[in-house]
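Read off the chains here:
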Amino acid sequence: MPLALQAGLWGLLSGSALLLGAAVGWFVPLSRRVIAAIMAFGAGVLISALSFELMDEAWKRGGFGPVAGGFLGGAGIYTGLNLLLAYRGARHRKRSTPDVREKQQDKHPANGMALALGALLDGIPESIVIGVSMIEGGAVGLVAVAAIFLSNIPEGLSSSAGLKAEGKTLAYTFALWAGVALVSGLASFIGYVAFAGVDPGITAFVQALAAGAILAMIVDTMVPEAFEGTHDYAGIIAVSGFLVAFALSKLGG
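Thresholds applied
Residues numbered from 1 in each chain as written. Predicted model: local features only at pLDDT ≥ 70, side-chain atom pairs only at ≥ 80, totals over all residues. Heavy atoms only, no water. Salt bridge = Lys/Arg side-chain N within 4 Å of Asp/Glu carboxyl O. Helix = DSSP H or I, 4+ residues; strand = E, 2+ residues; numbered from the N terminus. Buried < 20%, exposed > 50% of the residue type's maximum accessible area, 1.4 Å probe, protein only. Contact = heavy atoms within 4.5 Å. Axes fitted to C-alpha atoms, helices over the stretch in contact; angles between N-to-C directions. Parallel < 35°, antiparallel > 145°, perpendicular 65-115°, else oblique. Left-handed = near helix turned anticlockwise from the far one by under 90°. Nonpolar A, V, L, I, M, F, W, Y, C, P; charged D, E, K, R; others polar. Phe/Tyr/Trp six-rings, centres within 6.5 Å; stacked < 30°, edge-to-face > 60°. Expected span 1.5 Å × (residues − 1). Bend = angle between axes of the 7 residues up to and from the residue.

## What about the pattern of salt bridges?
And then number 1: By the definition in use, this model includes 2 salt bridges.
And then number 2: For K60, the salt bridge identified is with D56, shortest N-O distance 3.4 Å. Of the two residues, K60 and D56 both sit in helix α2 (residues 32-62), 4 residues apart, roughly one turn of that helix.
And then number 3: Assessed through its relative accessible area of 58%, K60 is described here as exposed.
And then number 4: The exposure class assigned to D56 is partly exposed, which follows from its relative accessible area of 28%.
And then number 5: Taking the shortest distance from any N to any O, the salt bridge between K60 and E57 comes out at 3.9 Å. Here K60 and its partner E57 are both found in helix α2, 3 residues apart, which amounts to about one turn of the helix.
And then number 6: The class for E57 is partly exposed, based on a relative accessible area of 30%.

Here is the structure:
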């Protein structure tokens, strides 16, 4: 199978977690603590992945200049777009807390599309990373895929609950998240095709750009939910996620 197609399928797999979360959010009243614990663990895994599989690799490819520029640029772009979406009702798109979702619904009674756009904002840089990770060696970064998968589950859960509260149908909700998952797969495909063979400095810049956006996303959307749901245990759960990802990265390499 061509590597570009493999990259797209890995991106589709990570995006499919949105559908899994949507199914849970629609049919199963899952405990807030469980969702928050998943979020905390996923945040730790993502931080490890962006540190060792993105920033470290970007440094080796391009040095400090492209890495610093991309990292700050990614965070700035994400923050700006996130602010725009926040005004449309997607501020708490990764929150599983019922009262937070209800307040969001009161302020933005028809925010389903904003939530979907928020998922794209979170998912596109993550998916591009999957494609770029396969450029050298042809092997996907499994730690990164696992981290992205974990971070998508609570987002699909929370957002599907919001769409259900808006009165959207089951078919509409799952078609929406299936579309987002397909875009994630396409972004991974493009990430591989667009950057295979280009100057290493450009690839390094793109990796750092994605890393900056992901770190900003973690702090803005995942950490608040993780802390509110688990409180004093959020830190140790996140550290556990980081350690597991670190071990997989080093022992698997």
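## Description of the environment of L50
And then number 1: Mapped onto the elements, L50 comes out in helix α2.
And then number 2: Along the backbone, L50 and V143 are 93 residues apart, and their C-alpha atoms lie at a distance of 9.8 Å.
And then number 3: Residues in contact with L50, not counting those within four places in the same chain, are M55, A211, I214, L215 and I218.

## Considerations on the packing of α2 against helix α8 (residues 200-230)
A packed helix pair is summarised by two numbers, namely the angle formed by the two axes and the spacing between the axes.
And then number 1: In contact at an axis separation of 8 Å, α2 and α8 are set at 160° when each is read in the N-to-C sense. Judged by the inter-axis angle, α2 sits roughly antiparallel to α8. Relative to α8, the crossing made by α2 is left-handed.
And then number 2: Partitioning the contact of α2 with α8 into residue classes produces 22 nonpolar, 7 polar and 7 charged.

## Structural notes on the packing of aromatic side chains
And then number 1: Evaluation of the coordinates by the stated rule reveals 3 aromatic pairs.
And then number 2: Measuring from ring centre to ring centre gives 5.9 Å for F52 and F242, while their planes differ by 65°; the resulting arrangement is edge-to-face. You can see F52 sitting in helix α2 and its partner F242 sitting in helix α9 (residues 234-252), a full 190 residues away along the chain.
And then number 3: Classification of F52 as partly exposed rests on a relative accessible area of 26%.
And then number 4: Of the residues examined, F242 reaches a relative accessible area of 27% and is grouped as partly exposed.
And then number 5: An aromatic cluster is defined as three or more aromatic residues linked by ring pairs; in this entry it consists of F52, F242 and F246.

## Quick look at helix α1 (residues 3-27)
An α-helix turns once per 3.6 residues; consequently, residues spaced three or four apart project the same way.
And then number 1: Along its 25 residues, α1 runs 36 Å from first to last C-alpha, staying within 8% of the 36 Å computed at 1.5 Å per residue.
And then number 2: A maximum bend of about 25° is found in α1 at S14.
And then number 3: Buried within α1 we find A4, A7, G8, G11, S14, G15, A17, L18, G21, A22, G25 and W26.

## Some remarks on the packing of α1 against helix α7 (residues 170-195)
And then number 1: Closest axis-to-axis distance for the α1/α7 pair is 7 Å, and the angle between their directions is 155°. By the angle between their directions, the pair α1 and α7 is classed as roughly antiparallel. Crossing angle aside, the handedness with which α1 passes α7 is right-handed.
And then number 2: Residue classes in the contact of α1 with α7 are distributed as 21 nonpolar, 8 polar and no charged.

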